[in-house]
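The primary structure of each chain is shown beneath.
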Amino acid sequence: MTKEEKIVAARLKLRDRFEEKMRNTPSVADDQPQGTGSDNRHGMPKLPVGQFETEKWPVLDLGYKPDISLERWRLYVGGEVENPVTLKWNEFMELPQTQDVSDFHCVTTWSRMDVPWVGVRMLDLAALVQPKETATHIMFYGYDTYATNLSLEEALKPDVLLVHTADGQPLTRDHGGPARVVTPQLYAWKGAKWIKRIHFMAQDKPGFWEGRGYSNTAYPWRNDRYSD
């Protein structure tokens with residue numbers, strides 16, 4: 001069995017394991033989502049409540065933009081997994097590559113629609129490392145020291161990607177290049193820029209903004225911006 005065939009087989013097992021939980025998340029199962037416009041591919045209104053559409057892509061960060069060359073870039077994936085890995089850039093690019101189009105919703109009220117991405121599905125990366133039965137959440141860490149958390153049922157949705165290309169061009173440093181995470185079903189702070197490390201956890205814990213009053217779940221169609 002080739003490496004790609006092994007990833008496909010492990011991907012199917014993960015889908016079976018988390019399918020019901022994914023199907024019951026608010027970004028898929030909400031029967032009263034707040035927003036306007038025609039339905040997106042998950043059945044949610046295209047524009048979430050409190051958002052406005054823009055063609056621009058504003059730059060938001062912690063005030064530090066790390067400059068990471070492809071030669072120096074590493075992705076460390078470990079924690080509650082059977083096969084922890086450290087990937088160099090060429091190894092990352094050898095993983096199954098996904099082309100996708102999705103929307104980008106920033107908590108600061110703007111939404112950028114129909115962005116074409118190319119990258120690696122988080123689902124495929126998880127299939128590579130094989131999360132243990134004890135794994136329930138993920139923490140994403142950036143080279144800028146940023147961190148944000150996700151439940152596995154959100155992280156393993158098929159349009160959660162580690163992207164290296166946007167709008168047909170390599171992801172720029174301003175927007176988190178060489179690679180960043182995108183989470184179309186959640187506010188964009190859940191997608192770490194300049195991705196460096198992914199840690200599978202046996203329990204949840206807050207990331208940078210979650211520990212500073214932002215929502216732990218971040219559902220745009222529930223106006224879920226801040227913790228109670």
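How each quantity is defined
- Residues numbered from 1 in each chain as written.
- Predicted model: local features only at pLDDT ≥ 70, side-chain atom pairs only at ≥ 80, totals over all residues.
- Heavy atoms only, no water.
- Helix = DSSP H or I, 4+ residues; strand = E, 2+ residues; numbered from the N terminus.
- Buried < 20%, exposed > 50% of the residue type's maximum accessible area, 1.4 Å probe, protein only.
- Salt bridge = Lys/Arg side-chain N within 4 Å of Asp/Glu carboxyl O.
- Core = buried A, V, L, I, M, F, W, Y, C linked by side-chain atoms within 4.5 Å.
- Contact = heavy atoms within 4.5 Å.
- Pairing = 2+ DSSP bridges.
- Phe/Tyr/Trp six-rings, centres within 6.5 Å; stacked < 30°, edge-to-face > 60°.
- Lys NZ or Arg CZ within 6 Å of the ring centre and 35° of its normal.

Q: So what about unusual backbone geometry? Which residues, and what values?
A: Residues Gly177 and Pro178 are joined by a peptide bond in cis, for which omega reads 15°. Relative to the helices and strands, Pro178 is located in the loop between β11 (169–170) and β12 (180–182). Look at Trp194: it is not a glycine, yet its phi comes out positive at around 50°. Tracing the backbone through its elements, the reader meets Trp194 in the loop between β12 and β13 (195–201). Under the relative-accessibility criterion, Trp194 is labelled buried at 1%.

Q: Give a detailed account of the pattern of salt bridges, specifying residues and quantitative values.
A: Applying the stated rule across the entire model yields twelve salt bridges. Here Arg41 makes a salt bridge to Asp159, at a shortest N to O gap of 3.2 Å. Taken together, the residues Arg41 in the loop between β1 (35–39) and β2 (45–48) and Asp159 in the loop between α5 (152–155) and β10 (161–166) connect sequence positions 118 residues apart. By relative accessible area, Asp159 is classed as buried at 3%. Where Lys46 meets Asp114, a salt bridge forms, and the shortest distance between an N and an O atom there is 3.0 Å. A residue pair is termed long-range when its members are at least 10 positions apart, and Lys46 in strand β2 and Asp114 in strand β7 (residues 110–121) qualify at 68 residues.

Q: Just give me the short version of the nonpolar core, but keep the residues and values in it.
A: Of all hydrophobic cores here, the largest spans 47 residues; its most connected members are Leu75, Met122, Leu125, Ile195, Ile198 and Phe200. Those elements that provide at least two residues to this core are α1 (3–23), β4 (74–79), α3 (89–93), α4 (122–129), β8 (137–142), α5 and β13. With seven residues, α4 is the largest single contributor of residues to this core. Not counting residues within four places of it along the chain, the set of residues in contact with Leu125 comprises Leu75, Val77, Leu87, Leu95, Val120, Leu162 and Ile198. Counting twelve residues, the second-largest nonpolar core is a separate cluster that includes Cys106, Trp110, Val182 and Ala188.

Q: Can you explain the environment of Gln34? Please cite residues and give values.
A: Structurally, Gln34 is set in the loop between α2 (26–29) and β1. What makes Gln34 partly exposed here is its relative accessible area of 36%. A sequence separation of 184 residues divides Gln34 from Ala218, and the C-alpha atoms of the two residues are 14 Å apart. Beyond its immediate stretch of four places on either side in the chain, Gln34 contacts Pro48, Val49, Trp221 and Arg222.

Q: I'd like a description of the pairing of β2, backed by residues and values.
A: Summarising the sheet, β1 and β2 pair through three bridges and their orientation is antiparallel. Across the sheet, residue Gly35 finds its bridge partner in β2, namely Pro48.

Q: Describe the packing of aromatic side chains, and please don't skip the residues or the numbers.
A: The description of an aromatic ring pair rests on the distance of the ring centres and on the angle between the ring planes. Applying the stated criterion to the full structure yields 13 aromatic pairs. Here Trp73 and Trp89 contribute two aromatic rings whose centre-to-centre distance is 5.0 Å and whose plane-to-plane angle is 85°, an arrangement assigned as edge-to-face. Of this pair, Trp73 sits in the loop between β3 (52–53) and β4 while Trp89 sits in helix α3, and the two are 16 residues apart along the sequence. Consider the rings of Trp73 and Phe92, whose centres lie 5.2 Å apart with planes at 50°: the pair is tilted. One end of the pair, Trp73, is in the loop between β3 and β4; the other, Phe92, is in helix α3, with 19 residues separating them in the sequence. Residues Trp73 and Phe92 agree in their burial class; the two are buried. Three or more aromatic residues joined by ring pairs form one cluster here, namely Tyr146, Tyr187, Trp189, Phe208, Trp209, Tyr214 and Tyr226. We note Arg197 situated over the ring of Tyr141; from NZ or CZ to the ring centre the distance is 4.1 Å. Sitting over the face of the ring of Phe208, Arg212 holds its NZ or CZ atom 3.7 Å from the ring centroid.

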